[in-house]
Amino acid sequence: PNAVADSDDHPVPADFQLRAYPNPFNRSVTIRFTLDRPGELQWHIVNIMGREVYHTDNSFPAGTHTVTWTPDSALSGGIYFIQLQSSAGARKQIRKIVYLK
């Protein structure tokens, strides 16, 4: 799997938000998240059975960030879940994505 991160200069949000697009996707999905304060984040992508197919930990400043995830070619199409969680576990967001292969 391949993930590429990018940051945008936007006003600091008052929340912890996550969105994924396009959804469904067939090559890659853009994961956009907004943080109200800087911190270490863990994000996981799991299949419908709960098996982790991707995981990474990164530090991000407050603001809006974009990560593009391209599934490994061996990964089958189906329903997956993106789980974004602060390192302390205090904040967590989950979004369903559909991979069309």
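This report concerns the structure included in the present document. Note that residues are indexed from 1 along each chain, following the sequence as it is written. Local features in this predicted model are restricted to residues whose pLDDT is 70 or higher, and side-chain atom pairs enter the listing and the counts only when it is 80 or higher, whereas totals over whole chains, interfaces and linings include all residues. Each side-chain value is worked out from all heavy atoms of the structure, with water and hydrogens disregarded.

A closer look at the packing of aromatic side chains
Next, step 1: Two rings from Phe, Tyr or Trp (for Trp, the six-membered ring) form a pair when their centres are within 6.5 Å of each other. A pair whose planes differ by under 30 degrees is stacked, one over 60 is edge-to-face, and the rest are tilted. Under the criterion given, the structure shown has 5 aromatic pairs.
Next, step 2: Ring centres 6.2 Å apart and planes at 65° place the aromatic pair F25 and W69 in the edge-to-face group. Placement of F25 in the loop between β2 (17-21) and β3 (29-35) and of W69 in strand β6 (residues 63-70) is noted, with a sequence separation of 44 residues between them. There is no split in this pair, since F25 and W69 are both buried.
Next, step 3: Geometrically, the ring pair formed by Y54 and W69 is tilted, given 6.3 Å between the ring centres and 50° between the ring planes. Of this pair, Y54 sits in strand β5 (residues 52-60) while W69 sits in strand β6; the two residues are 15 residues apart in sequence, bridging distant segments of the chain.
Next, step 4: Taken together, the aromatic side chains of F25, W43, Y54, W69 and Y99 make up a single cluster linked through ring pairs. Helix and strand labels come from DSSP, where a helix needs a run of H or I of at least four residues and a strand needs a run of E of at least two; each type is numbered from the N terminus. Exposure categories follow from relative accessible area, calculated using a 1.4 Å probe and restricted to protein chains: below 20% of the type maximum is buried, above 50% is exposed, and the middle band is partly exposed.

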